[in-house]
Amino acid sequence: MRNVVLFILLFLPLLMNGQSFFTDGMKWRTQIFGTQEQEPVAAIEVVTIERTPDDNCFDMFRSYEDNMSAKELIAVIRTEESKIFFQPKDSKNSEWYLMYNFGLKQGEGCFIYSPLSSSENSVPVKTYIKCVSIDKSSEYEVLLLEEYADDSCSNIIGRGSWIKGLSSLNGFLYNNRFEVDGFSSRLLDVSDNERILYTDKQSCILETTGHSIPDIKIDGLDVYISVDDEICGSLYFISGELIGKYKFSQIPAHIVLPDRGIYVLQVGKVSRKIMIY
């Protein structure tokens with residue numbers, strides 16, 4: 001236990017400084033939910049990394065918990081202080097593409113590339129990410145991000161968030177393209193072999209469809225939540241700490257949030273992230 005505590009104490013300052021701390025055998029578990037088909041499809045995706053002979057490089061694999069034996073190589077990744085680069089598995093050149101820049105400060109931005117999507121010429125799809133705020137309300141620093149097609153920042157195409165030094169809250173492979181139609185995902189936990197580095201305290205709640213999908217309106221720190229049926233729900237900090245329990249109905253419930261940041265709303269079996277910039 002003393003060694004685990006010491007590891008956490010050494011690890012957290014790296015997160016606070018934006019540096020990555022990837023080691024052989026790290027694992028990211030992500031709940032993915034797709035609606036491309038007529039029936040919604042849910043699964044738990046598992047991403048693992050294995051060290052290669054090259055300095056600071058790892059093979060990155062993907063599998064699914066219902067079939068762990070089918071492990072697919074996605075890319076090779078390389079860590080460089082606060083940045084994570086990747087080289088696609090079928091790359092015909094030696095170019096490395098930026099996947100994460102955990103060192104972004106408020107107001108700064110950069111182009112990042114998707115390890116899962118590529119254009120017709122096999123170049124990974126890129127978008128421009130801008131850090132608009134940094135949430136320091138829990139033990140993790142979280143970058144709140146806006147996403148644009150280019151660096152003119154004239155047309156916002158999505159919003160997302162990264163845990164410094166670890167992952168996107170959408171999952172490690174979902175570093176950008178935060179609001180793609182027909183697909184959603186949520187990071188469940190990150191572990192270094194047997195040590196848990198991050199866990200979503202709401203991970204036991206799967207996002208499902210139903211009659212109690214909340215309608216959420218945001219005005220500054222004021223949030224108004226309504227549903228079609230009367231139902232109980234709760235609001236949490238991203239760390240899992242309970243803010244309050246509420247009864248929701250067609251009459252909007254007015255909740256004043258304590259500060260900007262990321263919150264998790266649970267309404268029945270439905271969970272939603274609320275991001276206040």
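The paragraphs below set out a description of the structure included in this document. (Residues numbered from 1 in each chain as written. Predicted model: local features only at pLDDT ≥ 70, side-chain atom pairs only at ≥ 80, totals over all residues. Heavy atoms only, no water.)

1. Re the packing of aromatic side chains
Then comes step 1: In total, this model carries 13 aromatic pairs according to the counting rule given.
Then comes step 2: When the centroid spacing of 5.3 Å and the interplanar angle of 70 degrees are considered together, the rings of phenylalanine 22 and tryptophan 28 count as edge-to-face. Per residue, the accessibility class of phenylalanine 22 equals that of tryptophan 28, and both read buried.
Then comes step 3: With 4.3 Å between their ring centres and 15 degrees between their planes, tryptophan 28 and phenylalanine 172 make a pair best called stacked. Highlighted residues: tryptophan 28 in strand β1 (residues 26-34) and phenylalanine 172 in the loop between β11 (167-168) and β12 (183-192), separated in sequence by 144 residues.
Then comes step 4: Under the relative-accessibility criterion, tryptophan 28 is labelled buried at 0%.
Then comes step 5: You can call phenylalanine 172 buried: its relative accessible area is 1%.
Then comes step 6: An aromatic cluster is present here, built from Phe22, Trp28, Tyr100, Phe102, Trp162 and Phe172 joined pairwise through their rings.
Then comes step 7: Residue placement shows lysine 71 over the ring face of phenylalanine 61; its charged tip is 4.6 Å from the ring centre. (Phe/Tyr/Trp six-rings, centres within 6.5 Å; stacked < 30°, edge-to-face > 60°. Buried < 20%, exposed > 50% of the residue type's maximum accessible area, 1.4 Å probe, protein only. Helix = DSSP H or I, 4+ residues; strand = E, 2+ residues; numbered from the N terminus. Lys NZ or Arg CZ within 6 Å of the ring centre and 35° of its normal.)

2. Examining the sheet that holds strand β19 (residues 261-267)
Then comes step 1: Spatially, β17-β16-β19-β20 is the arrangement adopted by the 4 strands of the open sheet, whose pairing is antiparallel. The sheet is open, and its two borders are formed by β17 (242-248) and β20 (270-276), each paired with just one other strand. Looking at each pair of strands side by side, their axes are set apart by 20 degrees on average, direction ignored. (Pairing = 2+ DSSP bridges. Axes fitted to C-alpha atoms, helices over the stretch in contact; angles between N-to-C directions.)

3. Focus on the nonpolar core
Then comes step 1: One finds Phe22, Trp28, Met60, Ile77, Trp162 and Phe172 to be the most contacted residues of the largest nonpolar core, which totals 47 residues.
Then comes step 2: Of all hydrophobic cores here, the second largest spans 14 residues; its members include Ile225, Phe248, Ile255 and Leu257. (Core = buried A, V, L, I, M, F, W, Y, C linked by side-chain atoms within 4.5 Å.)

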